[in-house]
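This is what each chain is made of:
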Amino acid sequence: MRVYINGRFFPKEEAKISVFDHGLLYGDGVFEGIRCYKGVVFKLREHIDRLFESAHSLVLSIPLSKEKMIEAVLETVKVNRLKDAYIRVVVTRGEGDLGLDPYKCKHPTVIIIVDKIALYPPQMYKQGLEIITVPTIRNLPEALNPQIKSLNYLNNILAKIEAINAGYQEAIMLDSMGYIAECTGDNIFLVKKKELYTPPQCMGTLRGITRDTVLELASQLGIPVHEHVLTRHEMYISDEVFLTGTAAEIVPVVKVDGRVIGTGKPGEITLRLIEEFRKLVTREGIKVDYD
Ligand code: PXG
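Each chain has its residues counted from 1, running along the sequence as written. Where local features are concerned, this predicted model is filtered to residues with pLDDT of at least 70; where side-chain atom pairs are given and counted, the filter is 80 or more; whole-chain, interface and lining totals use all residues. Side-chain metrics rest on all non-hydrogen atoms present in the structure, leaving aside hydrogens and water.

## Regarding the site of the ligand
Right, on to step 1. Close contacts around the ligand come from 22 residues, with Tyr153, Glu182, Ile209, Thr210 and Thr246 the closest.
Right, on to step 2. Arg50 places a polar side-chain atom, nitrogen or oxygen, 2.8 Å from an oxygen atom of the ligand.
Right, on to step 3. Any N or O atom pair separated by 3.5 Å or less is treated as a polar contact, with the protein-specific requirement of one donor-capable and one acceptor-capable atom, and with residues adjacent in sequence counted only for side-chain atom pairs. Between Glu182 and the ligand, the recorded distance is 2.6 Å, taken from a side-chain N or O atom to a nitrogen atom.
Right, on to step 4. Computed by Shrake-Rupley with a 1.4 Å probe, the accessible areas treat only the displayed protein chains as cover when residues are assessed. Within the complex, the protein chains bury 85% of what would otherwise be the 560 Å² of accessible surface of the ligand.
Right, on to step 5. Only DSSP runs of H or I reaching four residues or more are called helices, and only runs of E reaching two or more are called strands; each is numbered from the N terminus. Among the elements of the structure, β5 (85-92), β9 (180-183), α6 (209-221) and β13 (240-245) are those that each provide at least two residues to the shell around the ligand.
Right, on to step 6. Classifying every residue of the shell around the ligand by side-chain character gives seven nonpolar, nine polar and six charged.
Right, on to step 7. Segment limits for the domains were obtained from an automatic or database-derived domain assignment. Three or more residues apiece are contributed to the shell around the ligand by two domains, here domain 1 (2-115) and domain 2 (122-280). Near, as used in this document, describes a residue that has one of its heavy atoms within 4 Å of the molecule or strand being considered. Residues were grouped as follows: Ala, Val, Leu, Ile, Met, Phe, Trp, Tyr, Cys and Pro as nonpolar; Asp, Glu, Lys and Arg as charged; and all remaining residues, including Gly, as polar.

The structure is reproduced here in structure tokens:
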């Protein structure tokens, strides 16, 4: 494996950054998780746009243009000779001193890691997931907006710990009012009477690129979508529930907090969206030129 750091490639063992980097000391930085399917980097432009938006909000100036960042991602996939891969792009505030002041960090650190994708087991898609709501609520948008994909993921990690300790793989996080926000690394959708419902962004959820893709697919398939405040009760009585994310793609959920959802099996609309999503992934992206 060769890792990109600030314009140079290093073998995995030598890919190192300073312990004074504020990405490590304060979680001061931003990141993206991206997939490459059969040599096509899915929605690369959209991921780079979101990376720059997250950085802009943190007054973190990325030392590459968007075009150069896209080139760097494609080059890193190419040198690693992978066709199906998981790509992690990280931009940290860079090296500073032991104080918080980000303005003392003069050079942001840009890291691109390309690794083999650890796929979820196929039975998860066939049988569906059982998940729970957890006590840790999603960050308040007024405190640390979940739309900023920052290196500060403790909010999500605490929720993930609560899910795993209870014997589940994923957690639903509620907002401070008790409404459904999202999962620790996925957005959430409900299906009721063949219509889709998902929490609106202003409730403190990440604007997921898979979520946006599902909204596009639903519109093409003529499935109505509502971005709506959702209660747990509405989730329990829905016909289908599914999660969306870069790593998970679209995953059916068959039980929440011990309540069976719909028939207890992955629903018709979820399965249709999974089928359409899989057709789309090699069509919508930027091709890697392996020579
Ligand atoms: N919500 C949150 C909080 C996320 O972190 C999503 C939704 C889905 O967004 P995309 O754009 O991927 O559709 C994410 C992204 C992992 C992992 O290893 C997951 C994400 C990021 C990094 C790692 O599961 N999820």
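## Let's talk about the packing of α6 against helix α8 (residues 268-280)
Right, on to step 1. Structural elements are reduced to axes, namely lines fitted to C-alpha atoms, with helices fitted over the stretch in contact, and the angle between N-to-C directions of any two is expressed from 0 to 180 degrees. Between α6 and α8, the shortest axis-to-axis distance is 10 Å and the interhelical angle comes to 110°. Relative to α8, the element α6 is oriented roughly perpendicular. Note on element contacts: α8 touches α6 through Arg272, Leu273, Glu276, Phe277 and Leu280, opposite Thr210, Thr213, Val214, Leu217, Ala218 and Leu221.
Right, on to step 2. Residue composition of the contact of α6 with α8, by class: seven nonpolar, two polar and two charged. Small angles under 35 degrees read as roughly parallel and large ones over 145 as roughly antiparallel, with 65 to 115 read as roughly perpendicular and the rest as oblique. Throughout, a residue-residue contact means that at least one pair of heavy atoms, one from each residue, lies within 4.5 Å.

## A few points about unusual backbone geometry
Right, on to step 1. One non-glycine residue, Asn6, lies in positive phi territory at about 45°.
Right, on to step 2. Within the secondary structure, Asn6 sits in the loop between β1 (2-5) and β2 (8-11).
Right, on to step 3. The backbone of Glu249 sits at a positive phi, close to 65°, despite the residue not being glycine.
Right, on to step 4. Positionally, Glu249 belongs in strand β14 (residues 249-256).

## Quick look at the packing of aromatic side chains
Right, on to step 1. Two rings from Phe, Tyr or Trp (for Trp, the six-membered ring) form a pair when their centres are within 6.5 Å of each other. A pair whose planes differ by under 30 degrees is stacked, one over 60 is edge-to-face, and the rest are tilted. This model, assessed by the stated rule, comprises five aromatic pairs.
Right, on to step 2. Residues Phe31 and Tyr153 carry aromatic rings whose centres are separated by 5.1 Å and whose planes lie at 75° to one another, so their mutual orientation is edge-to-face. Taken as a pair, Phe31 in strand β3 (residues 29-37) and Tyr153 in the loop between β7 (129-133) and α5 (154-165) lie far apart in primary sequence, 122 residues in all.
Right, on to step 3. Taking 4.9 Å as the distance between ring centres and 10° as the angle between the ring planes, the aromatic pair formed by Phe189 and Phe242 counts as stacked. Taken together, the residues span a long stretch of sequence, with Phe189 in strand β10 (residues 187-192) and Phe242 in strand β13 at a distance of 53 residues.
Right, on to step 4. A residue is classified by how much of its surface remains accessible, and Phe242, at 0% relative accessible area, is buried.
Right, on to step 5. One aromatic cluster is present, built from ring pairs that chain together Tyr37, Phe42 and Phe277.
Right, on to step 6. The criterion is that NZ of a Lys, or CZ of an Arg, lies within 6 Å of the ring centre and within 35 degrees of the ring normal, and then a charge sits over that ring. If you follow Lys83 out to its NZ or CZ, it ends over the ring of Tyr290, 4.5 Å from the centre.
Right, on to step 7. The aromatic ring of Tyr236 is capped on one face by Arg259, whose charged end is 4.1 Å from the ring centroid. With a 1.4 Å probe rolled over the protein chains alone, any residue whose accessible area is under 20% of its type maximum counts as buried; one over 50% counts as exposed, and the rest are partly exposed.

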